[in-house]
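Architecture at a glance
What follows is the residue order along each chain.
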Amino acid sequence: MARKNLIGISDSPTAPVDGERPAVERPIAGLAPGHRPSGLVGGITRSLSNITQKVERAQELERQLAEGQSIVDLDPSLIDASFVVDRLGVTAEAQAALVQQIRDHGQQVPILVRPHPTTKERYQVAYGHRRLAALREIGGKVKAVIRNLSDEQLVVSQGQENNARTDLSFIERALFATRLEDRGFSREIIMSSLGVDKAALSKMITVVRRLPVEVIEAVGAAPAFGRRRWMELADLIDLDRNRSRALDFVETTEFPAGESDQRFEKLFGFLSTAKERAKAEAWIAPDRTRPLRIRETESETTLAFNKKVAPGFADFVRQRLQSLYLEYQQETGD
């Protein structure tokens, strides 16, 4: 393997960086475009501070990567993916843009790999999956740093680099955290990987535990939606048979194949409509009063008695349930 010196890396925060998602303008949640709420200046200042911290962290990772390490050229066919997936897919447009960027400017940042733990003369990626995919498409070698990493060190490197450089969505980070926990990693390791505290990590994992993973993967990254909206989706799925409805719906032709945010909205709207159909309706008695409400779903029918309108009606019905059931059996032949 030929050894090379580290190529120049731009210090400019605005310079394109391998693996970075293109910037996307999104309106502030709940506000019309062009609206400026009070306190926006402070919010912008905090956002700029967060961006600066991420850029500085990415540059620090690059510096640590370069110090005392040699960059080598590896055959992409010898490199396997990390054992934990951290993304819910990348759009064809975003990947095509990265391919063109590398064609035009070369690979500016090396990927990080380790010797494969079970297969000789192969490697496993800690981070740089998109760059690796782009070089496979372009052809030729991929610039990489090889380190002997334990499983814990690999996932911490993978999570920290993504946290510093890329804009992983809430659900991608939450699913990554849950997959790590399912593989037996401690919450301390996961917190270090994602740069979150104990409370935030617990909330992330709780959201994923409440949702079918098939639904999460079908919806995708949904970058416009954070923890609150995913919790609302989980609340909808918990209702009656909405879990099976959601699983069936994401397999239908009605489920859009376009942007992930659109798929989230489509599923949320579908389940919200089903919820509205299950609202209770008042039963009107012959005397025009409304002594009870009937709530019916595909799985059950619920009667709610109004004690103010007919104080003893619930007890009256309860005492006659046995005779009513026997009458029902005679009528239906059950």
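Fair warning: this is a prediction, and the values are worked out from it, not measured in the lab.

This part is about the overall build of the protein. If you tally the helices and strands in the protein, you get 13 helices and nine strands. Looking at the protein residue by residue over its 334 residues, the buried ones come to 37%. Expressed as a percentage of contacts within the protein between residues at least 6 apart in sequence, the contacts between residues at least 24 apart total 71%. In the form shown here, the protein has an accessible surface area of approximately 19,700 Å², with 51% of it arising from carbon and sulfur atoms.

Here we take up the nonpolar core. Core analysis: the largest hydrophobic core is formed by 47 residues, its most contacted members being Trp230, Leu233 and Leu267. In terms of residue count, the dominant contributor to this core is helix 5 (residues 170-182) (seven residues). With residues up to four places along the chain from it excluded, the contact list for Leu233 reads Leu211, Phe264, Leu267, Phe268 and Leu271. Listed in part, the 15 residues of the second largest apolar core include Val72, Leu74, Ile79 and Leu132.

This model, assessed by the stated rule, comprises eight aromatic pairs. Centroid distance Phe83 to Phe185: 6.2 Å. Interplanar angle 10 degrees. Geometry classified as stacked. Taken as a pair, Phe83 in the loop between strand 3 (79-80) and helix 2 (92-105) and Phe185 in the loop between helix 5 and helix 6 (187-194) lie far apart in primary sequence, 102 residues in all. For the pair shown, Phe83 and Phe185 are each scored as buried. Pairing Phe225 with Phe264 gives two aromatic rings, centres 4.2 Å apart and planes at 20 degrees, and the pair type is stacked. Residue Phe225 is found in the loop between helix 8 (213-219) and helix 9 (227-237), and its partner Phe264 is found in helix 11 (residues 260-277); the two are separated by 39 residues along the sequence. The exposure class assigned to Phe264 is buried, which follows from its relative accessible area of 0%. Above the ring of Phe268, the side-chain terminus of Arg229 is found at 4.7 Å from the ring centroid.

This part takes up the pairing of strand 6 (residues 142-146). The buried fraction of strand 6 is high, at four of five residues. In this structure, strand 2 (residues 71-74) lies alongside strand 6, joined through three bridges in antiparallel fashion. Residue pairing in the sheet places Asp73 in a bridge with Lys143 of strand 6.

Here Ala144 is to be found in strand 6. For the pair formed by Ala144 and Leu132, sequence separation is twelve residues and the distance between their alpha carbons is 9.5 Å. Sequence-distant contacts of Ala144, defined by excluding residues within four places in its chain, comprise Ser70, Ile71, Val72, Leu74, Pro110, Ile111 and Val113.

All told, the structure shown has 13 salt bridges when counted by the stated rule. A salt bridge links Glu265 to Arg229; the nearest nitrogen and oxygen atoms lie 4.0 Å apart. With Glu265 in helix 11 and Arg229 in helix 9, this pair connects stretches of sequence that are 36 residues apart. Beyond isolated ion pairs, a larger network of salt bridges with shared partners links Glu181, Asp182, Arg187 and Arg209.

Quick look at helix 2 now. Taking 1.5 Å as the rise per residue, helix 2 with 14 residues should run 20 Å; its terminal C-alpha atoms sit 20 Å apart, in good agreement. Along helix 2, the residues that are buried comprise Ala94, Gln95, Leu98, Val99, Gln101 and Ile102. The arc that holds the buried residues of helix 2, viewed along the axis, is 160 degrees, so those residues lie on one side. Exposed residues lying more than 90 degrees from the buried face of helix 2 are Ala92, Glu93 and Asp104. Buried positions along helix 2 lie against helix 3 (129-138). The positive-phi residue at the C-terminal boundary of helix 2 is Gly106, with phi of around 80 degrees.

When two helices pack together, their arrangement is given by the angle between the helix axes and by the axis-to-axis distance. Where helix 2 meets helix 3, the axes come as close as 9 Å, and the angle between the chain directions of the two elements is 65 degrees. Here helix 2 lies roughly perpendicular to helix 3, going by the angle between them. The interaxial crossing formed by helix 2 with helix 3 has right-handed handedness. From helix 2, Ala94, Gln95, Leu98, Val99, Ile102 and Arg103 reach across to helix 3, where they touch Arg130, Arg131, Ala133, Ala134, Leu135, Glu137 and Ile138. Of the residues in the contact of helix 2 with helix 3, the class split is eight nonpolar, one polar and four charged.

The rules behind each value
For every chain, the first residue of the written sequence is number 1, and numbering continues from 1 onward in sequence order. Local features in a predicted model are, by the rule used here, given only for residues with pLDDT of at least 70; side-chain atom pairs are given and counted only at 80 or more, and totals for whole chains, interfaces and linings are based on all residues. Note that water and hydrogens are dropped before the side-chain values are worked out from all heavy atoms of the structure. Helix numbers and strand numbers start at the N terminus; a helix is a DSSP run of H or I with at least 4 residues, a strand a run of E with at least 2. Under the scheme applied here, a residue whose accessible area is under 20% of the maximum for its type counts as buried, over 50% as exposed, and between as partly exposed, the area being computed with a 1.4 Å probe on protein chains only. Contacts are assigned to residue pairs that have any heavy atoms within 4.5 Å of one another. Using a 1.4 Å probe, accessible areas were evaluated by the Shrake-Rupley method; residue-level cover was limited to the displayed protein chains. Here, the term nonpolar core denotes a set of buried Ala, Val, Leu, Ile, Met, Phe, Trp, Tyr and Cys residues that are joined through side-chain atoms within 4.5 Å. For Phe, Tyr and Trp, where Trp contributes only its six-membered ring, two rings pair if their centres lie within 6.5 Å, and the inter-plane angle classes them as stacked under 30 degrees, edge-to-face over 60, or tilted in between. In this scheme, Lys NZ or Arg CZ marks a charge over a ring once it lies within 6 Å of the ring centre and within 35 degrees of the ring normal. By this definition, two strands are paired if DSSP reports at least two bridges between them. For this analysis, a salt bridge means a side-chain nitrogen from Lys or Arg found within 4 Å of a carboxyl oxygen belonging to Asp or Glu. One fewer than the residue count of a helix, multiplied by 1.5 Å, yields its expected span. Starting at the helix axis, one direction is taken to each C-beta atom, and the arc is that of these directions. In this analysis, axes come from line fits to C-alpha atoms, helices being fitted only over the stretch in contact, and the angle between any two N-to-C directions falls in the range 0 to 180 degrees. Roughly parallel refers to an angle under 35 degrees, roughly antiparallel to one over 145, roughly perpendicular to one between 65 and 115, and oblique to any angle outside these ranges. Crossing chirality is assigned from the near helix's rotation relative to the far helix, an anticlockwise turn below a right angle marking it left-handed and a clockwise turn marking it right-handed. Gly falls in the polar group here, along with every residue not listed as nonpolar (Ala, Val, Leu, Ile, Met, Phe, Trp, Tyr, Cys, Pro) or charged (Asp, Glu, Lys, Arg).

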